[in-house]
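Chain and residue survey
Take a look at the letters that make up each chain.
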Amino acid sequence: MGNDVKIEESWKNVLRDFFDKKVWEDLTKFVRTEYQTKLIYPPAHDIFNAFDLTPFDHAKVIILGQDPYHGAGQAHGLCFSVQGGVTPPPSLKNIYKEIANDVNIHKDFADGNLEDWAKQGVFLLNAILSVRAGQPASHQKKGWEEFTDNVIRTLSDKREHLVFMLWGNYAKGKSDLIDHTKHLVLQAAHPSPFSAYNGFFDCKHFSKCNEYLESKGKIPIEW
């Protein structure tokens, strides 16, 4: 079964054992039926976009989201990112504001596509990789969480000196999957307008990330 998964080859190799499990078989059946019978985001060819743009050995920074955007034309397989031509949602605007405050890079508030980050090694992973239109969390507890927990654990186990950015309680709940002695784990409030002022703004994660990468001889991210 593992050989059938349309995912970037390096990820297929390190995740191969999971693709042979029953939870993956059941999830695949569910997701396939959903795409055939309902309007699902992101487009099917973008489900593994984060994996395809950031191969396993290229990942340097992991930003964890929860659920894909559930509005038309938004989600394209990268957490917090929206397709070109779509106005950045409030959480992404707040991320841009913190980048400006932290590293003095002023992002275009009309452009919410983060593919450039992904190509630099920022792995933009949602815990759940699909959603019904207009129904947030509709694909929760179908198997995606087991898959993405395995992805996080595999990155922690098989790589060294990665930066994990965990924003909000849901993402912080994944902290136990990560070996804190091998990696930098940065935690803050979620960038949502409801919580950004409670610890996301002024967290300085973007400069802390680059300082850590440089201290390990890695090229910093151009945010």
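Preceding block: the structure.
Here's a quick rundown of the structure.

Conventions and cut-offs
Residues numbered from 1 in each chain as written. Predicted model: local features only at pLDDT ≥ 70, side-chain atom pairs only at ≥ 80, totals over all residues. Heavy atoms only, no water. Phe/Tyr/Trp six-rings, centres within 6.5 Å; stacked < 30°, edge-to-face > 60°. Helix = DSSP H or I, 4+ residues; strand = E, 2+ residues; numbered from the N terminus. Buried < 20%, exposed > 50% of the residue type's maximum accessible area, 1.4 Å probe, protein only.

Observations concerning the packing of aromatic side chains
Under the definition given, this model contains 24 aromatic pairs. Here Trp167 and Phe200 contribute two aromatic rings whose centre-to-centre distance is 5.1 Å and whose plane-to-plane angle is 75°, an arrangement assigned as edge-to-face. Within this pair, whereas Trp167 is found in strand S5 (residues 163-167), its partner Phe200 is found in the loop between strand S6 (184-188) and helix H9 (205-215), the two being separated by 33 residues in sequence. Summarising the burial analysis for this pair, Trp167 and Phe200 share the class buried. Relative to Phe201, the ring of Phe200 has its centre 6.1 Å away and its plane inclined at 55°; by these criteria the two rings are tilted. An aromatic cluster is built from Trp11, Phe18, Phe19, Trp24, Phe48, Phe51, Phe56, Phe123, Trp144 and Phe147, whose rings are joined through pairwise contacts.

Concerning unusual backbone geometry
Cis geometry is found at the peptide bond from Tyr41 to Pro42, where omega equals -5°. Looking at the secondary structure, you find Pro42 in the loop between strand S1 (40-41) and helix H4 (49-53). Despite not being glycine, Phe80 shows a phi value in the positive range, around 70°. Secondary-structure assignment places Phe80 in the loop between strand S2 (61-65) and helix H5 (90-103). A positive phi angle is found at Asp202, which is not glycine, with a value near 75°. Within the secondary structure, Asp202 sits in the loop between S6 and H9.

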